[in-house]
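Residues per chain, in single letters:
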Amino acid sequence: MKKVLQISLNLVFLLIIFENAGLSQVNGQDSLIAKNKWKGEIRLDIGNVLPTNTFVRTQNTDPDGLAHYNAWSARLVKQTMGDQIWQQIYGYPAYGAGIYSASFTDTKKLGNPIAVYGFFNAPFFKVNRWSVNYELGLGLTFNWNHLDPLENPYNVAISADESVYIDAGVSLKYQISKRMAINVGYGFTHFSNGRLKMPNKGLNTEASKICLSYSFDDNPTTYQSQVIPPFHDQWEWVLSAYGGARNVIYVGTGADMSTSVKGINFAVCGISNTINRQVSYKSKVGLGFTMEYNGSQNSRITVSGGTLDEVNLPFDRHLCLSIFPSYELVINNLSIVIQPGIYLYRIKSADMTPFIYQRIGVKYHISKNSFLGINLRAIKLSESDFIEWTIGHRLSW
């Protein structure tokens, strides 16, 4: 997971570096790519599972130490036409939804996961029929062969039936005709259950990708081009609340193996306050503070009649206070959020996580000032801590 998280973050920062690329590379009169609004796509991934944990390194038998995999996706895509200014700023991107199905070398241990995901695809630059694009995807994956002490004791990568799907990559696109286009590219995919079930070492893949695109309508049209007004910096105060769960496995006697491995899911919830300054159409920077209740911190588990029970402890034993710098990549109503945090207060415990954490996620504004979001909290850029399901509101001036 560490390598994939680092690469994902690097790709996001690349988007920041190329912040004005969409403005400088748009050609409104000479592009076949813009002639259709809706498209269907089939994508094939052929690649390897990265040896980022013990499961991958020891459970496969390939001479090169990597388990191979392949996957396919069926996708419905909308090509933006410049109806809104943000589309022109990003160089007329495409976005949509897809269904993903993967097959691994070690199918008995891992299963055949199926994902439902959304994605955003935009050009770094375009030259006639050619374009170089970046893509980010996020979704949910099902149909893993979960960890079972008796039937499948090996899958410590994804112990649960479900996981999060995170995908990032780059591609070269060529418009073959008014309706047909082909993409070839390279990317990385990360799977993690967000510590809803332990162990959760995660699964990371790299793959070459080839995608065939078919447009449903070839009626001639052009991109809409508007005069983009100068951006004026804005401030906002963001108040958000989140909830989630963090799994802890029981280590001790008095319970059978299945019960011990199942463990207990402890509640995690918190409130964050963030002051942001939007410095461009694409970027927000800020500073925030979080007050959090983490039920798994300093947790104690007892056994009664073979059943696991949580020991109730005073509130302050589970209290965490932290601060974080914040960056948001703004894509219309959607934002990609990066917030590395530092704990200021926690009661010391034997199972304490490092004092620095990482938060990466997305949020979507359901109205002008209210939003929903999902964040992955990680430690050491290599291990999922928990998933935050977020709701929030902002005041701007």
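If you're wondering where the values come from, they're calculated on a predicted model, not measured in any experiment.

Caption draft 1: Fine view of the overall build of the protein. Scanning the protein from terminus to terminus reveals six helices and 18 strands. Across the 397 residues of the protein, 52% fall into the buried class. Sequence-distant contacts in the protein: of pairs separated by 6 or more residues, those separated by 24 or more amount to 65%. Surface summary for the protein: the accessible area is close to 18200 Å², and the carbon and sulfur share equals 62%.

Caption draft 2: How the structure looks around the sheet that holds strand β7 (residues 180–192). Around the barrel, eight strands lie side by side as β1-β2-β3-β4-β5-β6-β7-β8; this closed barrel has antiparallel pairing. Ignoring which end each strand starts from, the neighbouring axes of this sheet average 25° apart.

Caption draft 3: Structural context of the packing of aromatic side chains. This structure, assessed with the given rule, holds 17 aromatic pairs. Consider the rings of Trp86 and Tyr90, whose centres lie 6.5 Å apart with planes at 65°: the pair is edge-to-face. On the basis of an interplanar angle of 50° and a centroid distance of 4.8 Å, the ring pair of Phe124 and Tyr134 is categorised as tilted. Within this pair, whereas Phe124 is found in strand β4 (residues 111–127), its partner Tyr134 is found in strand β5 (residues 130–144), the two being separated by ten residues in sequence. Its relative accessible area of 7% is what places Tyr134 among the buried residues. Following the ring pairs from residue to residue traces out a cluster consisting of Tyr69, Tyr100, Phe104, Tyr117, Phe119, Trp144, Tyr165 and Phe191.

Caption draft 4: Fine view of the pattern of salt bridges. By the definition in use, this model includes 16 salt bridges. The salt bridge involving Asp45 is made with Arg43; its shortest N-O contact spans 3.0 Å. For Arg43, a relative accessible area of 4% gives the class buried. Residue Lys284 pairs with Glu236 through a salt bridge whose shortest N-O separation is 3.2 Å. You can see Lys284 sitting in strand β11 (residues 283–294) and its partner Glu236 sitting in strand β9 (residues 234–248), a full 48 residues away along the chain. Since its relative accessible area comes to 3%, Lys284 is described here as buried.

Cut-off values and rules
Residues numbered from 1 in each chain as written. Predicted model: local features only at pLDDT ≥ 70, side-chain atom pairs only at ≥ 80, totals over all residues. Heavy atoms only, no water. Helix = DSSP H or I, 4+ residues; strand = E, 2+ residues; numbered from the N terminus. Buried < 20%, exposed > 50% of the residue type's maximum accessible area, 1.4 Å probe, protein only. Contact = heavy atoms within 4.5 Å. Areas by Shrake-Rupley, 256 points an atom, 1.4 Å probe, with all protein chains shown as cover. Pairing = 2+ DSSP bridges. Axes fitted to C-alpha atoms, helices over the stretch in contact; angles between N-to-C directions. Phe/Tyr/Trp six-rings, centres within 6.5 Å; stacked < 30°, edge-to-face > 60°. Salt bridge = Lys/Arg side-chain N within 4 Å of Asp/Glu carboxyl O.

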